[in-house]
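Structure at a glance
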Amino acid sequence: MGISSFILFRHGKSMPTYLLSSAARNICKKEKLFFDTDEETYNSEGALKYTRLYITDMPFKENYSRMLSFSVYDEPYEFQTVTYDWDDTQNEYFKAVVSDDFDDNEDLLFKFFFAFLSEFPDARVWIEEDWFYNLEDMKKIKASYNNNWCYIDPKTFK
């Protein structure tokens, strides 16, 4: 399908990349997921500006199709600040964490995002539709899990 997912923070409210990466590592330990990282870019002051994370629920060499790949950006970062015409708040958002295609791994994506939003409840998840998911939406989804959760408007969950 080729759909990406995004963890958004309000512009100016994102966490530094090293904290997001550390939180992802801790989430993986807690959730019994496998975690790896590569590609790191630092600015002239030595601050981490970008990294790649890999998360899976199987050892990496056993099944690469179960792996989620994420790019993590430090605010500010070129082309990562966005607004959405359909968002009535007209807030600007920073795309702090961006996944590659997650097709057939919706369950793994949910597990990671639920844990991530539990750590950062002000964050939002956006999956290329005209809505966001917040922590309360994720709790409703978890209560009656549907593997197609990320294709359904959270306003329809009860």
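Remember, predicted model here, so these are calculated numbers, not experimental data. (Residues numbered from 1 in each chain as written. Predicted model: local features only at pLDDT ≥ 70, side-chain atom pairs only at ≥ 80, totals over all residues. Heavy atoms only, no water.)

So, about the overall build of the chain. Secondary structure assignment for the chain yields 3 helices and 8 strands. The secondary structure elements of the chain, listed N-terminal to C-terminal, are β-α-β-β-β-β-β-α-β-β-α. Principal-axis analysis of the C-alpha atoms gives the chain an extent of 50 × 45 × 30 Å. Burial status across the chain gives 48% buried among its 158 residues. Taking all contacts inside the chain whose residues are at least 6 apart in sequence as the whole, residues at least 24 apart take part in 56%. Only carbon and sulfur atoms are counted for the fraction: they give 47% of the accessible area of the chain, which is about 8,600 Å². One finds the centroid of the 18 positive side-chain charges in the chain at a distance of 8 Å from the centroid of its 29 negative side-chain charges. (Helix = DSSP H or I, 4+ residues; strand = E, 2+ residues; numbered from the N terminus. Buried < 20%, exposed > 50% of the residue type's maximum accessible area, 1.4 Å probe, protein only. Contact = heavy atoms within 4.5 Å. Areas by Shrake-Rupley, 256 points an atom, 1.4 Å probe, with all protein chains shown as cover. Lys, Arg positive; Asp, Glu negative; His and termini not counted. Charge placed at Lys NZ, Arg CZ, Asp CG, Glu CD.)

Assignment of secondary structure puts Ser71 in strand S4 (residues 68-73). Exposure remark for Ser71: the relative accessible area of 7% places this residue in the buried category. Residues Ser71 and Leu53, spaced 18 residues apart in sequence, show a C-alpha to C-alpha distance of 6.4 Å. Beyond its immediate stretch of four places on either side in the chain, Ser71 contacts Tyr50, Thr51, Arg52, Ala96, Val97 and Val98. Polar side-chain contacts of Ser71 include one of 3.2 Å to the side chain of Tyr50. (Polar contact = N/O pair within 3.5 Å; in protein donor to acceptor, adjacent residues only side chain to side chain.)

Another point: the environment of Pro121. Following the sequence through the fold, Pro121 ends up in the loop between helix H2 (106-119) and strand S7 (124-126). Distance in space between the C-alpha atoms of Pro121 and Glu136 is 8.9 Å, their sequence separation being 15 residues.

Let us look at helix H3 (residues 135-143). Of all the positions in H3, only Leu135, Asp137, Met138 and Ile141 are classed as buried. Burial along H3 is one-sided: seen end-on, the buried residues are contained in an arc of 155 degrees. (Arc of directions from axis to C-beta.)

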